[in-house]
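Each chain, written out:
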2 protein chains.
Amino acid sequence: MMQPSSALPVSSADIDAAARVLAPFAVRTPLLSSPALDERVGAKVFIKPEMLQRTGSFKFRGAFNKLSSIPHAARGGGVVAFSSGNHAQGVAHAAQILNMRATIVMPSDAPRSKRERTKAFGAEVVLYDRDREDREAIARDIADKRGATLVRPYDDPLVIAGQGTVGREIAEDMAALGIAPDIVVAPASGGGLIAGVATAVKARFPLATLIVAEPEGYDDHALSLRAGKREAHRAADRTICDALMAAIPGEITFAINSRLLTQGVTASDTEVGTAVGFAFRELKLVVEPGGAVGLAALLAGHIDARGKNIVIVLSGGNVDADLYARLIN
Amino acid sequence: MMQPSSALPVSSADIDAAARVLAPFAVRTPLLSSPALDERVGAKVFIKPEMLQRTGSFKFRGAFNKLSSIPHAARGGGVVAFSSGNHAQGVAHAAQILNMRATIVMPSDAPRSKRERTKAFGAEVVLYDRDREDREAIARDIADKRGATLVRPYDDPLVIAGQGTVGREIAEDMAALGIAPDIVVAPASGGGLIAGVATAVKARFPLATLIVAEPEGYDDHALSLRAGKREAHRAADRTICDALMAAIPGEITFAINSRLLTQGVTASDTEVGTAVGFAFRELKLVVEPGGAVGLAALLAGHIDARGKNIVIVLSGGNVDADLYARLIN
């Protein structure tokens, strides 16, 4: 039997608190409908468009909630984070708003637009080699030298609670529509978004099925859910989902996800490309590959949604123009 | 002194009636905020994203309202319309929903995606040469032969009332936020959208300034507003705003617009391209050139919005992938 969520590392009260912190700063994204998508998949689909959030992804929520929790006396040392791009922008922009210094450790192959946007928010960007260097060690070193606070991308209850406001808004809007979601889908890299979303949605709709979406081969959450313990994926190649390349679920996120999620689904790079193109042509939303993986799984028929009410989180829209041009053509 | 709007060809009660007709079928588009845009222009900007509407533009609203008004006895002959693309899709999709036959007369140089999408909604597409043939004559001929109802793109009170639901939703959402719009901007080709929007917004916010946005050279509304009578623009070249190429304001639309609008602004093709790219990078919305002309005028500094509450209607998002790729790169 599932224990009450108060026994988990993040409660819905924590998410309520994050929502109060975020209210004056974050965009409250709407819940969108697309008759074209409904017809295509034979379900009633609700889209949570987090590309409309500040910085172009949900990551601003967790970052801002975390940074806001740093005591004023500790803010002088600034913050440091490692990220392939969306968490980078979230932390950089949150720091900018809160007048804190931010240093971001990014892989040298991160999309150009993500690097440039991170700098535009006033952060210092330190590049590293994804294959040969340890980003956590680099970030910890900077944190030690500068007295900076390390802002983890997902394995932090305050970050998870911030991302959970996505789920809280979904639950609020579905309740206002008088419709119970049968299925809620969100992508995962380390699992912070889906953990927060699951916590908030389950608090209001305990019968909802929570599904985590991952790129094919990068299915560490799916593997871990099946195994009942954290397992790394075995991918060696790159995926176009640059935002979703974490090797293994977080400890805190998996403690939540292993209890609240029902299953994992995957989508191939080709299916993700199709979803990005579908979002361009039919939804008129700019979604990045990693943000589209749930939609990709739905369009590819990997989710049994026929006749159901399904919510799909499109988690971000930060994609380089040249890659985007290729994907929509 | 301005006469009450009840003396005009379309009243806010007509728009209320259209809203009731549309409610089960049209998407109620949200009003979006973008802190990045606010900061860029020094104003509080509200975006009405009509690319999220069925068919990818506001045109579905007017078309559906008009088609719904056709008596059942007259529906057998179907409908016929002439359009460069967005009205085409609106009429085709409305006819599809209402089980009517639709024939659309489109210029042979209309964007491929607009032609294909029109056909995908089940309409028969008849192409004509924009420079050598009279689309109205072709459409009237088809209407006569088949007993079809001609659905004008803008100069019809029922079409204008349908488009007015865009303004009604803007007014409703701004009222819910407790914010009075200082300025509301919408693009115009024949002027149906801005006429409907102005009618609905002025009914709730009489002090709002209504501005019509047009492509440079295609400024027939601006010219007509200044002259106090309908005047054609003098453009000879093409504009990338394929949706906004009408030569002269409609008679009915100008009867409304001449009374309710304050001024016209224009944007060059370059400024429009910049706005399409800005919407890609910062708003994460796919907007077509004609749909972006108001945003373009705002970003280019042609609208004095500093410190104000301004609503910008992004009227559509039907753009060919190859042109879009060029504009965002």
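All values derive from a computational prediction rather than experimental measurement.

1. Topic: the pairing of strand 7 (residues 183-187) of chain A
Residue and element names in this part refer to chain A.
Part 1 of the argument: In terms of burial, strand 7 is largely enclosed, as five of its five residues are buried.
Part 2 of the argument: Taking every second residue as pointing to the same face, both faces of strand 7 are buried, with I183, V185 and P187 on one and V184 and A186 on the other.
Part 3 of the argument: Bridge count between strand 7 and strand 8 (residues 209-215): five bridges; the pairing is parallel. Opposite V185, over in strand 8, you have I211 as the bridge partner.
Part 4 of the argument: One crossover worth recording links strand 7 to the parallel strand 8 by way of helix 8 (residues 192-204), and it is right-handed.

2. Observations concerning the packing of aromatic side chains
Part 1 of the argument: Taken as a whole and judged by the stated rule, the model has nine aromatic pairs over all chains.
Part 2 of the argument: Aromatic pair F25 of chain B and F64 of chain B: ring centres 4.7 Å apart, planes at 35 degrees, arrangement tilted. With a gap of 39 residues between them, F25 of chain B in the loop between helix 1 (12-22) and strand 1 (32-33) and F64 of chain B in helix 3 (residues 59-69) connect regions that are remote in the sequence.
Part 3 of the argument: Among the residues examined, F25 of chain B registers a relative accessible area of 29% and is labelled partly exposed.
Part 4 of the argument: An angle of 35 degrees between the planes, with centres 5.4 Å apart, marks the rings of F60 of chain B and F64 of chain B as tilted. With F60 of chain B and F64 of chain B both in helix 3, this residue pair falls four residues apart, about one helical turn.
Part 5 of the argument: What makes F64 of chain B buried here is its relative accessible area of 1%.
Part 6 of the argument: Of the aromatic side chains, those joined through ring pairs into one cluster are F280 and Y324 of chain A together with F280 and Y324 of chain B.
Part 7 of the argument: The positively charged end of K44 of chain A is found above the aromatic ring belonging to F46 of chain A, 5.2 Å away from the centroid.

3. Description of the interface of chain B and chain A
Part 1 of the argument: Contacts between chain B and chain A engage 26 residues on the former and 26 residues on the latter.
Part 2 of the argument: Together chain B and chain A conceal approximately 2,100 Å² of surface at their shared face, both sides included; 66% is due to carbon and sulfur atoms.
Part 3 of the argument: On the surface where chain B and chain A come into contact, there are two salt bridges.
Part 4 of the argument: Seen at the junction of chain B and chain A, the total is 10 residue pairs in polar contact (both at pLDDT 80 or more).
Part 5 of the argument: Per-element accounting of the side of chain B that touches chain A gives the leading share, five residues, to helix 13 (residues 321-328) of chain B.
Part 6 of the argument: Split by residue class, the side of chain B that touches chain A holds 15 nonpolar, five polar and six charged.

4. Observations concerning the confidence of the model for chain A
Part 1 of the argument: On average, chain A scores 94 in pLDDT, and the residues at 70 or more come to 98%.
Part 2 of the argument: On the interface metric, ipTM, the complex scores 0.95, and its pTM is 0.95.

5. Here we look at the relation of the copies chain B and chain A
Part 1 of the argument: Expressed as a screw transformation, the operator carrying chain B onto chain A has a rotation angle of 180 degrees and an axial translation of 0.0 Å, and the superposed copies differ by an RMSD of 0.0 Å. In the structure described here, the two chain copies are related by an operation that fits a two-fold rotation axis.
Part 2 of the argument: Here 100% of the contact residues of chain B are again contact residues in chain A; the copies associate through an equivalent surface.

6. So, the sheet that holds strand 4 (residues 102-107) of chain B
Note: strands within a sheet are paired through backbone hydrogen bonds, in either parallel or antiparallel orientation.
Residues and elements named next belong to chain B.
Part 1 of the argument: Read from one edge of the open sheet, four strands run 5-4-3-6, paired in parallel fashion. If you trace the sheet from one side to the other, it starts and ends with strand 5 (124-128) and strand 6 (149-150), each paired once.
Part 2 of the argument: As paired elements, strand 4 and strand 5 share five bridges and run parallel to each other. Residue pairing for strand 5: T103 is matched across the bridge by E124.
Part 3 of the argument: Sheet strands touched by helix 4 (residues 86-97): strand 3 (79-82) and strand 4. Its angle to strand 4, the strand with the most contacts, is close to 170 degrees.

7. Thoughts on helix 7 (residues 157-177) of chain A
Because each turn of an α-helix spans 3.6 residues, side chains separated by three or four positions end up pointing in the same direction.
Residue and element names in this part refer to chain A.
Part 1 of the argument: Helix length check: helix 7 (21 residues) gives 30 Å between terminal C-alpha atoms against 30 Å at 1.5 Å per residue, within 8%.
Part 2 of the argument: Approximately 25 degrees is the largest bend angle found in helix 7, and it occurs at Q163.
Part 3 of the argument: N-capping of helix 7 is provided by D156, with a side-chain oxygen placed 2.8 Å from the backbone N of L158.
Part 4 of the argument: Following helix 7 by one or two positions, G178 has its phi on the positive side, about 75 degrees.

So, how was this worked out
- Residues numbered from 1 in each chain as written.
- Chains lettered and ligands numbered in written order.
- Predicted model: local features only at pLDDT ≥ 70, side-chain atom pairs only at ≥ 80, totals over all residues.
- Heavy atoms only, no water.
- Buried < 20%, exposed > 50% of the residue type's maximum accessible area, 1.4 Å probe, protein only.
- Helix = DSSP H or I, 4+ residues; strand = E, 2+ residues; numbered from the N terminus.
- Pairing = 2+ DSSP bridges.
- Right-handed = clockwise from strand over helix to strand, strands pointing away.
- Phe/Tyr/Trp six-rings, centres within 6.5 Å; stacked < 30°, edge-to-face > 60°.
- Lys NZ or Arg CZ within 6 Å of the ring centre and 35° of its normal.
- Contact = heavy atoms within 4.5 Å.
- Buried area = accessible area lost by both parts, 1.4 Å probe.
- Salt bridge = Lys/Arg side-chain N within 4 Å of Asp/Glu carboxyl O.
- Polar contact = N/O pair within 3.5 Å; in protein donor to acceptor, adjacent residues only side chain to side chain.
- Nonpolar A, V, L, I, M, F, W, Y, C, P; charged D, E, K, R; others polar.
- pLDDT = per-residue confidence, 0-100.
- Least-squares fit on C-alpha atoms with pLDDT ≥ 70 in both.
- Axes fitted to C-alpha atoms, helices over the stretch in contact; angles between N-to-C directions.
- Expected span 1.5 Å × (residues − 1).
- Bend = angle between axes of the 7 residues up to and from the residue.

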